[in-house]
Amino acid sequence: MVRRYYDLPSLTALAVFEASARHLSFKLAASELNVTPGAVSRQIKAIEEEIGVPLFVRLGTGVMLTSAGDDLYAVLASGFSKASEVVRTVKRGDRTKNVTVACSDAFATMWLIPRMPRFWNRHPEIAVDHLISDNSRDYRRAEVELRIRYGFGSWPDETAESLFDDIIYPVCSPGFAQVHRDATAQSLPELPLLHVNWVDPEWADWDEVLRRAGIPHGAPRGRRFGKFFVTLQAAQADQGVAVGWHRLVRPLIEEGKLVKITDLEMPAPGGYHLSWNDNRTLSPAAELFRKWLREVAAEERAT
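Because the structure is predicted, anything quoted here is derived from the model rather than measured. (Residues numbered from 1 in each chain as written. Predicted model: local features only at pLDDT ≥ 70, side-chain atom pairs only at ≥ 80, totals over all residues. Heavy atoms only, no water.)

## Observations regarding helix 3 (residues 37-51)
Thinking step 1. For helix 3, spanning 15 residues, the distance from its first C-alpha to its last is 21 Å, which sits close to the expected 21 Å at 1.5 Å a residue.
Thinking step 2. Of the residues making up helix 3, those classed as buried are Val40, Ile44, Ile47 and Glu48. In an axial view of helix 3, the angular spread of the buried residues amounts to 100°, which keeps them on one side of the axis. Within helix 3, the exposed residues directed more than 90 degrees away from the buried face are Arg42 and Glu49.
Thinking step 3. Residues of helix 3 that are buried make contact with helix 1 (11-23), helix 2 (26-33) and strand 1 (56-59).
Thinking step 4. Where helix 3 ends, the next residue or the one after it, glycine 52, has phi of about 85°, a positive value. (Helix = DSSP H or I, 4+ residues; strand = E, 2+ residues; numbered from the N terminus. Expected span 1.5 Å × (residues − 1). Buried < 20%, exposed > 50% of the residue type's maximum accessible area, 1.4 Å probe, protein only. Arc of directions from axis to C-beta. Contact = heavy atoms within 4.5 Å.)

## Re the packing of aromatic side chains
Thinking step 1. Evaluation of the coordinates by the stated rule reveals 15 aromatic pairs.
Thinking step 2. Each ring, one from tyrosine 150 and one from tryptophan 245, has its centre 5.1 Å from the other, and the planes form 80°; the classification is edge-to-face. Residue tyrosine 150 is located in strand 5 (residues 146-151), and its partner tryptophan 245 is located in strand 10 (residues 241-245); the two are separated by 95 residues in the primary sequence. The same class applies to tyrosine 150 as to tryptophan 245, namely buried.
Thinking step 3. An aromatic cluster of at least three residues, connected via ring pairs, comprises Phe107, Trp111, Tyr150, Phe164, Trp203, Trp245 and Tyr272. (Phe/Tyr/Trp six-rings, centres within 6.5 Å; stacked < 30°, edge-to-face > 60°.)

## Things to note about a nonpolar patch on the surface
Thinking step 1. Taken together, the side chains of Val57, Leu59 and Met64 define a hydrophobic patch exposed on the protein surface, amounting to about 240 Å² of accessible area.
Thinking step 2. With respect to the helices and strands, the residue methionine 64 is situated in strand 2 (residues 62-65).
Thinking step 3. A relative accessible area of 42% places methionine 64 in the partly exposed class. (Patch = residues over 30% accessible without salt bridge, like charges linked within 9 Å, V, L, I, M, F, W, Y side chains within 5 Å. Areas by Shrake-Rupley, 256 points an atom, 1.4 Å probe, with all protein chains shown as cover. Salt bridge = Lys/Arg side-chain N within 4 Å of Asp/Glu carboxyl O.)

## Description of helix 2
Thinking step 1. Those residues of helix 2 that sit buried are Phe26, Ala29 and Ala30. Projected down its long axis, helix 2 shows its buried positions confined to an angular sector of 100°, all on one face. Within helix 2, the exposed residues directed more than 90 degrees away from the buried face are Lys27 and Ser31.
Thinking step 2. Residues of helix 2 that are buried in the fold lie against helix 1, helix 3, strand 1 and strand 2.
Thinking step 3. Two to three positions downstream of the cap, the backbone nitrogen of lysine 27 sits 3.3 Å from a side-chain oxygen, assigning the N-cap of helix 2 to serine 25. (Polar contact = N/O pair within 3.5 Å; in protein donor to acceptor, adjacent residues only side chain to side chain.)

As far as function goes, none of this settles anything; it's purely spatial.
Put into structure tokens, the structure is as follows:
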């Protein structure tokens, strides 16, 4: 057998592994690669046999990475990302006037996009593409240069700088607040609570908010939604109480569409950060956007 120069499994198998690790699903990887789940499973098994360690733990509901699998995925994701960027640069010819920024749906809808006209007016020559996703694994895509993330500021292979912190408090419609005007922080678990099914675990949910406040509760009841903005729409429609993130809901409170209910208020456990790949030089367009975002974040911290 001819020995491969880098002593690696086949690139096809590595690409299959990377897609499977990114999705944490053989089925979704198969759909992306236009092959069968069985073909994906065979490629993964072949890699595991070649390197001699398991890369995934097979669960009834899907798969999760082992420690070795997580290490391999981090390296492959970084390498594929850099290779893809080189190809994109060659094809595009000039990357000085284009930047892709990733952030969550909630942050894009309720904070970033309303402020973007200020950047466009200052830099009309820069094309800003937005990758909006609540799954932070999407932020590893090759075209993404900058990420605006909520959390604790520590992510593998990323440099992060703090933008601003946040405050959490319960919010509801004025009508709901009037009906429940005797509600207290301790009685919140008795009210219909509106939940967001966050993909990113660093966002606090009702269970964490109540635990941090020291409020006894069972399994929080209420309706569940896939998007934070939709949850707030339900709150505006008198459907219950949502966890309000001050930086995001402040405009709705100022407009009188939402109000605080009870005196519960606490610092958010994490904060908002701007991050980028450790091993990647930012384009001139990305540097301009980073400088602008620092200015806007400084204004936000002052309010």
